[in-house]
Amino acid sequence: YKDYTPEAYRQGAKRFVEEYRTMPQLFITLGNEPHATPETAKEYVDAYKEVYLGVKEADSNIMGIGTSEGPQEPLFAAGFGDYLDAYDFHTYSSYTQIRGAFAKYKELFKKYGREKPILSTELGLNCEGLTRDVVAMDLIKKLTIFFACGGANASWFGIVYPDPKGKSLGSMGESFNVFYCRYSLYHPKLEAVAYYNMVNGICIKKFLQERKYEDGVEAYLFRDRDNRCLQVLWNDKGHAAAFVPLESVGKVRVLRFDGSYRDLDAVGKGVTLNVSTEPLMLMYDQKEGKLPDTMGKPAIAVQAFDLKVRPGGTVTLPVKGEKLSPEDIKIEAPVSWTVSQPKAASDSFEYTVQSPAVTTGREGRLRILLKKTDKPQGEIMVRAVVETK
């Protein structure tokens, strides 16, 4: 590569854009994780300069994305930020690492200037050997934190790895793929569903606020110009039932990572939910309003969010609430599961849940609905694990 002159880099980039700009090309990425050192940083930046200037000579509207090195000081010191329109970083570890990347960018902007938008062309998770629900939940959390930190654009890694001959099963590419592409059939995995819902959920919404509550619940609020809101909640400490205040809000769609959803009625006040490691996406219309300082007391509560039951066996499910009658509570169980209805009216009810005698299922999810009107005002999810040993 040392045989190429700066002019060759510039003209090569210019010719590349002129050849392919009839395609719907929006961005040119200048590099992919080259891992510059203090010794090589200037050499890299000299090359980026010529390529960037060549791209702009051909089409000034094309965005030049800096190499996905992340917030590395040697590049900033060498003038990296003068030859890009946006910064880029990749991450495949915990979603908590995203905050660290943005904090480092902020530190470098303060020291060197050249503040510009921050992208991540590869948000992902080292997912070999992991279940798809873990990946889908991580995807929602990473995208939420990325935009809460001020990120401009992001893309999950990876979208599609075509497998026309059906040979990629068990490979690294297959594990990172959000679709099952065997024989090019493109069946969506859980993370494809979560990705679809996050793209449509955030859409043009701007980040407004985040809060962390004493019980471990984290909440993130987004709103667009038409007052459509997205609130993302999760609790990495476990389960917490809470009343989520939503002043002047009516319909609330509660969307889960697996694509299942429930439409609730906040009746101008709020909804009762249990928040766990599984993130919830709340979609509603609200002209104004911020996240509450504290969550409210849930209208219904349970003693435990995890129950154990043998095949064909029964387990007791106590449900508590103030000024409730049996008609105010509805429990939805999986097919072939049965739930007895209590007869006595009080503030505490005991339901008997029976699992099917023959089942290959490992758990049944019980949805406890608060229904004081035609529309439910809350939903508590309880998991009944089927014990076979």
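Scope of this entry: the structure provided in the associated data block. (Residues numbered from 1 in each chain as written. Predicted model: local features only at pLDDT ≥ 70, side-chain atom pairs only at ≥ 80, totals over all residues. Heavy atoms only, no water.)

Counted according to the given criterion, the structure contains 28 salt bridges. Among the ionic pairs, E50 bridges to R10, the shortest N-O distance being 3.0 Å. Here E50, found in helix α2 (residues 41-58), pairs with R10, found in helix α1 (residues 6-20); they are 40 residues apart in sequence, far enough to count as distant. The residue R262 makes a salt bridge to E332 at a minimum N-O spacing of 2.6 Å. Here E332 lies in strand β19 (residues 329-332) and R262 lies in strand β13 (residues 261-265), a separation of 70 residues in the sequence. Using a relative accessible area of 25% as the deciding quantity, one classes E332 as partly exposed. The network of salt bridges with shared partners includes R256, R262, K330, E332, R367 and E379. (Salt bridge = Lys/Arg side-chain N within 4 Å of Asp/Glu carboxyl O. Helix = DSSP H or I, 4+ residues; strand = E, 2+ residues; numbered from the N terminus. Buried < 20%, exposed > 50% of the residue type's maximum accessible area, 1.4 Å probe, protein only.)

Another point: the sheet that holds strand β4 (residues 118-123). Here three strands make up an open sheet; going across it, the order is β3-β4-β5 and the pairing parallel. In the strand order of this sheet, the two ends are held by β3 (87-91) and β5 (153-156), each with one partner. Ignoring strand direction, the axes of neighbouring strands in this sheet form an average angle of 15°. Where β4 meets β5, three bridges bridge the pair, whose relative direction is parallel. Each residue of the ladder has a partner; that of L123, found in β5, is W156. With respect to the sheet, helix α5 (residues 132-148) is in contact with β3, β4 and β5, its orientation differing from that of β5 by roughly 170°. (Pairing = 2+ DSSP bridges. Axes fitted to C-alpha atoms, helices over the stretch in contact; angles between N-to-C directions. Contact = heavy atoms within 4.5 Å.)

Our focus in this paragraph is the nonpolar core. Grouped together as the largest cluster of nonpolar side chains are 57 residues, with contacts concentrated most on F89, L139, I140 and W156. The element contributing the most residues to this core is α5, with 10 residues. Excluding its chain neighbours within four sequence positions, the residues that come into contact with L139 are W156, E191, A194, Y195 and M198. With 23 residues, the next largest nonpolar core counts A219, L246, V252 and V254 among its residues. (Core = buried A, V, L, I, M, F, W, Y, C linked by side-chain atoms within 4.5 Å.)

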